[in-house]
Amino acid sequence: MSSAQNVSTAHATATKAVSTRDSILSLRGLTVELPPDADRRHALQNVSLDLEAGRILCVVGESGSGKSMTAGAILGLLPEHVNATAGEVFFQGRNLLALPDDELRSVRGAGIGMIFQEPMTALNPLRTIGDQIGEMFTTHTKLSKKEIEQRVLALLADVHLPSPEQAIRAYPHELSGGQRQRAMIAMALALEPAVLIADEPTTALDVTTQAQILHLIRDLQRRKGTAVLFITHDFGVVAEIADRVAVMQHGVLVEQGEVDAVLNHPVHPYTRALIAAVPPLLPPPARAVSQDIILDLQHVSKTYRSGGWRRRRVTHAVSDVSLSLPVGGTLGIVGESGSGKSTLARCIVRLLKIDQGQIDFQGVDLAKLGKRAQRTHTRDVQMVFQDPYGSLNPRKRVGELVAQGPIVHGVPREQAMARARELFELVGLDPQSLHRYPHEFSGGQRQRVGLARALALGPKILVADEPVSALDVSVQAQVLDLLARLRVQLGLSLLFITHDLRVAAQICDRIAVMKDGRVVETGTVAEVFGAPRHPYTQALLAAVPGRGWQPPAADRAAA
Amino acid sequence: MRIFSLAARRLAAALPALLIILAGLFLLLQLAPGDTVDALVAQMGGGDPSMIEQLRKHYALDQSTSVRLGDYLWRLVHLDLGQSAIYGKPVAAVILERLPATLLLMGSSLAIAFAAGMALGVVAARRVNRWPDTLISTLGLVFYATPSFWFGLMGIFVFAIYLGWLPAGGYSSVGAGLQGMAQVLDIAWHLVLPTLTLALIFLAIYLRIMRTSMLEVSNLDFVRTARAKGLTDTKVVTRHILRNALLPMVTLIGLQAGTMLGGSVVVESVFALPGLGRLAYESVVQRDLNTLLGVVFVSALLVIVINFIVDMLYARLDPRITAGR
Amino acid sequence: MRDFLTRYRRNPAAVVGLFLLLGVIGLALTADLFFPRNPLSLAGRPLQWPFTNPNLWLGTDQTGRDIAAQIFHGARVSLVIGLIATVISIAIGVLVGALSGYYGGWLDDALMRVTEAFQILPNFLLLLVLVAVFGSTLPTVIVAIGVVSWPPAARLTRAEFMSLRNREFVEAGRTLGLRDARLIFQEILPNALPPVIVYASVIMSVAILLESALAFLNLSDPNVPSWGNLIGGGRGVLRVQWYVSAIPGVAILCTVLGVSLVGQGVNDALNPRLRHR
């Protein structure tokens, strides 16, 4: 079938009500308009989908796809000046968009529950958990205080929160991220709604916590027969829990179907491109890497002391870490938040001073250098940062940003700008755009600028701190490809920090797993992923969502 | 208990600042042309050199600066503020006499400014960008831009002179010999205009902060959660937005305490109230530097105490503070 | 830049403020044109009402000086005081805040103690003390007001620096080998300044109000046609010739209102996402 025919077939499939089971929630031709000054006209255009009773439908898309708007539109929780202008939302026989306010309010919480992405900010910091969950009951029921307390305790036990009696009196900041999300789930399911809408509930959580929450949602959903509309950008999550999938792009529903069909035999070109961009968990065949070591860390430690006068609180951010980076090779450092990987990265580029240990670079201990020698050696080790929006000075032109490094080290301006132009070409940016400001570029392009900046001084080692974590999955694939190409072209040794095991599998030669400031396991990618020895590594790998699913490789070359 | 130790720690942290103020002021005043003795002599209408010499010795003004600074700070610790050259009484006594009027004025102004500012800010935020908001915000801005002394004068003109409803100044009706409740009411009557004048500017500030705070909090995630639970708009405001929006307001009370004291100087002068502010003004004009220092010291203490109370209040409202991690 | 002007233009309050401000500036600039003589010289019989004498549009004050002349020349005084005091204030505040926010540690502690000292002390009282010690000439008053007003600017700058210091583009600058001074002044400061500049309008409003209060209490420079002086002078004749105090008050009100509205307008135009509020 040609590509155009694919599109029309997929479109036809998507817009027809395909399911044979009962739909408990149906969107028909939903269109949501944005205020006139926005960058596009519609947030959603003619979206029709069905959520069947007792099943999980995943709505997946990149940023700007309108997936979160869909969730907001259903319950009438759109931002100001954003309105649903056409279509219907049928729930239990009624069109929610046409309901008067007080009837819609009775549906919220009781008929349809909702959980959000950031558990810290989604809960009122000034009120206890018990209070906020109890509010569900006080709003929709006439139960007594005692009865409400009993119910809340039962709910907290249901979501496996340790010591519910304590949790009920706790404030949100006293719980961990995962615990807060459990509390939110308890709150959303308090009145046993028929539908649960989950708007990226695990995106802000660690991989292991995410696995637990996904498991919890699926478990509760099966027990109570709730239908779940799960919004996400992660195909791994889709593979893990979805029964049906709907794919969105720029506010349009491009493909819809059973999870098996969409994930393994995607029809629409956009879906195929997206899936092709998902890094498989299986590492590619190992490439030949030199035996020589270019960077050798020996027993590196960094400790933070805080807590007023006596500095009582001691945090071992990095504890006795010893690693080696082979010449021309890529060493991946994986771990969850709090593992110390970012701290370690910053110690290596000397943004932070280490308390113990050595950082040996071709015979020189970088940690012990004086200020002047340090400045000379900055040319050898450079860093690429995570946040495409925060890593470029918004008030400087991009050409200026890239040329800045060489200029500071004495290169004449003309030469530095010429080099900047070369580098732009190298990283796939238009060399004519040197005079533009960062906000004129997309996220992926900004990361390329950051890369050009890091390469401007001609480093031998590049430390990349989560360079693709903030990017959409399709852009992510492009930047990773670029990095892979450049390391060979320029003979770079790469230190790649990430929390995403799929990404690590694709680009790294060797991997070190960190937890609580220590390295718990090292080895080649094949060894660590294929036969992990440390229990934490095993748990980490087991927690990767959709690990059983292999993205169809056929289109990878075409993408 | 946690709250108390937290606030106490903040209090202790303020002591160095207090020390800096006092030392700085003392040293500053050494630069003043003429000192207490000069003022006294001027009042007496002149004197011969030997007597001036003796007076200087009496007031220990012939010692070196550092000795006098040490002596001064030592006496301060014992709350001995020295002698007022003009009133011929201990400075502490003079200040104590004047304190009630100022406290009363500030207290009632603060109460009105806070309450009205809060209420108007909430209304403005609820009807944002519609006419109630525009009206309230514009009025707020006009109040903020109005010089308080001018407003006081115009207030006197309209209400005391033209309409004759309120007294033109003073603390109480002189020579009326009122007691008990009647006296309280009389004082209250005299304080209406001054309180409104002083409250005006701060009302504008509280109004604006409350409005901004309400709008910001309304956009936070947990408000969306509250709506998703099916709460009515009113409930969302009262049970989720209001308390969170009040936090910056409470902080503001502490920050504005000093400004309010400063404002009372002007208001007390306009309305001829026997308070600390006017005492400060008089001591500047009459070069009674001891008294001026004393007033400044007491003012600083007052501000510190107010901030202490505010810290405790804030810790009570926001459980994240006492988490202390 | 064009976007900024368009957004500013669309805000009615900001435009009104601009007109008010331009009006006051107009008064200041044309003062010598309309009233070439010394405004504090006698112009006629004291206490003439406004609109009664064609040569003296706004009448005369209690000593016989031309009120309109004082209003026009007073505009110059107020604007000059406001501007210079604000510049002094911001210069000190930004320097203290930048060093404090960037370096942290003991420097931050020390500078914050000093800032706190200034903030605990009611600023009008400090102003009184400074005037008592150093005198009431105009330059002294301007410097004193500047010295009294810097703490909020310092705190604002410090907060901005503390948040920007850890941003990745600053870290990037450090990895490239940029020196501290360059990081502070060329990388961080341009990003930290906008909120401070907007706050300048608040400082200016306060400066004008402080000076007029000082003048009202006869503690400012008596040889300068300040609006506050006029109001203070008119206090004695409030019963009948209330206009002597009323008119300059309105002038102050309009000036401060203009400055505040322009400041707010600039703030809103720089932060377009707040526009829908």
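Residues numbered from 1 in each chain as written. Chains lettered and ligands numbered in written order. Predicted model: local features only at pLDDT ≥ 70, side-chain atom pairs only at ≥ 80, totals over all residues.

(A) Molecular detail of the overall build of chain B. Along the backbone of chain B there are twelve helices and zero strands. Taken from the N to the C terminus, the helices and strands of chain B come in the order α-α-α-α-α-α-α-α-α-α-α-α. A buried classification covers 40% of the 325 residues belonging to chain B. Long-range pairs, those at least 24 residues apart, make up 73% of the contacts in chain B between residues at least 6 apart in sequence. (Helix = DSSP H or I, 4+ residues; strand = E, 2+ residues; numbered from the N terminus. Buried ≥ 20, exposed ≤ 12 C-beta atoms within 10 Å, placed from the backbone. Contact = placed C-beta atoms within 7 Å.)

(B) Structural view of the overall build of chain A. Helix and strand counts for chain A come out as 21 helices and 20 strands. Over its C-alpha trace chain A gives a radius of gyration of 26 Å, about what one expects of a compact globule, namely 24 Å for 559 residues. C-alpha atoms of chain A, sized along the principal axes, occupy 75 × 65 × 45 Å. Restricting the contact set of chain A to residue pairs at least 6 apart, pairs at least 24 apart contribute 70%. (Rg over C-alpha atoms; globule rule 2.2 N^0.38 Å.)

(C) Quick look at helix α9 (residues 227-234) of chain C. Within α9(C), eight of the eight residues are buried, which leaves the element mostly enclosed by the surrounding structure. Within α9(C), the full set of buried residues consists of C:W227, C:G228, C:N229, C:L230, C:I231, C:G232, C:G233 and C:G234. Looking at the buried positions of α9(C), the neighbouring elements they touch are α7 (148-162) of chain B together with α3 (67-103), α8 (180-216) and α10 (243-270) of chain C.

(D) Molecular detail of the interface of chain B and chain C. Each side of the interface is counted separately: chain B has 43 residues, and chain C has 36 residues. Elements that contribute at least two residues to the side of chain B that touches chain C include exactly α1 (2-30), α6 (131-145), α7, α10 (233-271), α11 (276-285) and α12 (289-317) of chain B. Class assignment of the residues belonging to the side of chain B that touches chain C gives a composition of 36 nonpolar, seven polar and no charged. (Nonpolar A, V, L, I, M, F, W, Y, C, P; charged D, E, K, R; others polar.)

(E) Region of the structure containing the interface of chain B and chain A. At the junction of the two partners, chain B supplies 18 residues and chain A supplies 23 residues. Within the residue set of the side of chain B that touches chain A, elements represented by two or more residues are α9 (221-228) and α10 of chain B. Top element by residues in the side of chain B that touches chain A is α9(B). It accounts for six residues.

(F) Layout of the nonpolar core. Core analysis: the biggest nonpolar cluster contains 333 residues, and A:L229 and A:L495 have the highest contact counts within it. The element that contributes the greatest number of residues to this core is α8(C), accounting for 18 residues. (Core = buried A, V, L, I, M, F, W, Y, C linked by C-beta atoms within 7 Å.)

(G) Representation of helix α18 (residues 473-490) of chain A within the structure. Residue and element names in this part refer to chain A. With 18 residues, α18 extends 25 Å from end C-alpha to end C-alpha; this agrees with the ideal 26 Å at 1.5 Å per step. Restricting attention to buried positions, one finds in α18 the residues V473, V475, Q476, A477, V479 and L483. Trailing α18 by a residue or two, G491 shows a phi angle of about 65 degrees, which is positive. (Expected span 1.5 Å × (residues − 1).)

(H) The arrangement of the environment of B:L289 in detail. Assignment of secondary structure puts B:L289 in helix α12. For the pair formed by B:L289 and B:Q30, sequence separation is 259 residues and the distance between their alpha carbons is 9.8 Å.

(I) Examining the sheet that holds strand β16 (residues 381-384) of chain A more closely. Residues and elements named next belong to chain A. With mixed pairing, the six strands of this open sheet are ordered in space as β16-β17-β18-β13-β19-β20. Two strands bound the open sheet, and with one partner strand each, they are β16 and β20 (518-524). Across the sheet, the mean angle from the axis of one strand to that of its neighbour is 20 degrees, orientation sign disregarded. Note: strand β13 (residues 330-334) against strand β19 (residues 510-515), four bridges, orientation parallel. Counted as the bridge partner of L331 is R510 from β19. (Pairing = 2+ DSSP bridges. Axes fitted to C-alpha atoms, helices over the stretch in contact; angles between N-to-C directions.)

(J) Here's a closer look at the domain arrangement of chain A. Domains assigned within chain A are domain 1 (1-9 + 20-111 + 194-276), domain 2 (120-190) and domain 3 (293-380 + 459-543). Each of domain 2 of chain A and domain 3 of chain A was reduced to a C-alpha centroid, and the two centroids are 39 Å apart. (Domains from an automatic or database assignment.)

(K) Representation of the sheet that holds strand β15 (residues 364-365) of chain A. Residue and element names in this part refer to chain A. The strand order β12-β11-β14-β15 describes an open sheet built from four strands, whose pairing is antiparallel. Pairing within the sheet leaves two strands with one partner each, and these edge strands are β12 (313-326) and β15. In this structure, strand β14 (residues 356-361) lies alongside β15, joined through two bridges in antiparallel fashion. Along β15, the bridge assignment pairs D360 with D365. Helix-sheet contacts for helix α13 (residues 341-348) involve β11 (293-306), β12 and β14, and the interaxial angle to β12 is about 65 degrees.

(L) Seen up close, the packing of α12(B) against helix α5 (residues 123-134) of chain C. α5(C) packs onto α12(B) with a crossing angle of 160 degrees between their chain directions and a minimal axis gap of 11 Å. Judged by the inter-axis angle, α12(B) sits roughly antiparallel to α5(C). Handedness of the α12(B)/α5(C) crossing: left-handed. Packed against α12(B), whose contacting residues are B:L292, B:V296 and B:S299, the element α5(C) presents C:L125, C:V129 and C:A132 at the interface. Classifying every residue of the contact of α12(B) with α5(C) by side-chain character gives five nonpolar, one polar and no charged. (Parallel < 35°, antiparallel > 145°, perpendicular 65-115°, else oblique. Left-handed = near helix turned anticlockwise from the far one by under 90°.)

(M) Molecular detail of the pairing of strand β9 (residues 244-249) of chain A. Residue and element names in this part refer to chain A. The buried fraction of β9 is high, at five of six residues. As paired strands, strand β3 (residues 56-60) and β9 are joined by four bridges and run parallel to one another. Considered in β9, the bridge of V60 is made with V247. As defined by bridge partners, β9 adjoins strand β10 (residues 252-258) across six bridges and the pair is classed as antiparallel.

(N) The confidence of the model for chain A, seen in detail. Residue and element names in this part refer to chain A. Here chain A averages 88 in pLDDT, and 94% of its residues register 70 or above. The model gives residues 15-20 a pLDDT under 50, and that stretch makes six contacts with residues more than four places away or in other chains. Confidence drops under a pLDDT of 50 for residues 554-559, and excluding neighbours within four residues, the segment shows six contacts in the predicted structure. (pLDDT = per-residue confidence, 0-100.)

(O) Representation of the pairing of strand β4 (residues 83-91) of chain A within the structure. Residue and element names in this part refer to chain A. Bridge count for strand β1 (residues 23-33) against β4 is seven bridges, and the pairing is antiparallel. Within the sheet, the bridge partner assigned to T31 lies in β4 and is A86. In this sheet, strand β5 (residues 94-95) lies alongside β4 in antiparallel orientation, the contact comprising two bridges. Across the sheet, residue F90 finds its bridge partner in β5, namely N95. The turn linking β4 back onto β5 is made up of two residues, and Q92 within it adopts a positive phi angle of 50 degrees.

(P) Up close: the packing of helix α5 (residues 91-126) of chain B against α12(B). All names here are of chain B. Where α5 meets α12, the closest approach of the two axes is 10 Å, and the angle between their N-to-C directions is 55 degrees. Here α5 is positioned oblique relative to α12, judged by the angle of their axes. Taken as a pair, α5 and α12 cross one another with a handedness that is right-handed. Facing α5, whose interface residues are V91, V94 and I95, α12 presents N290, T291, G294, V295 and V298.

(Q) View of unusual backbone geometry. For A:N46, which is not glycine, the phi dihedral falls at a positive 55 degrees. You will see that A:H299, though not glycine, has its phi angle at about 50 degrees, which is positive.

(R) How the structure looks around the environment of C:P194. Among the structural elements, C:P194 can be located in helix α8. Spatially, the C-alpha atoms of C:P194 and C:T157 are 9.9 Å apart, while their sequence positions differ by 37 residues.

(S) Spatial organisation of the environment of B:V295. All names here are of chain B. Take V295: it is sitting in helix α12. V295 sits 176 residues away from A119 along the chain, and the two C-alpha atoms are 34 Å apart. When near neighbours in sequence (up to four residues on either side) are disregarded, V295 contacts I95, L276, L279, A280 and S283.

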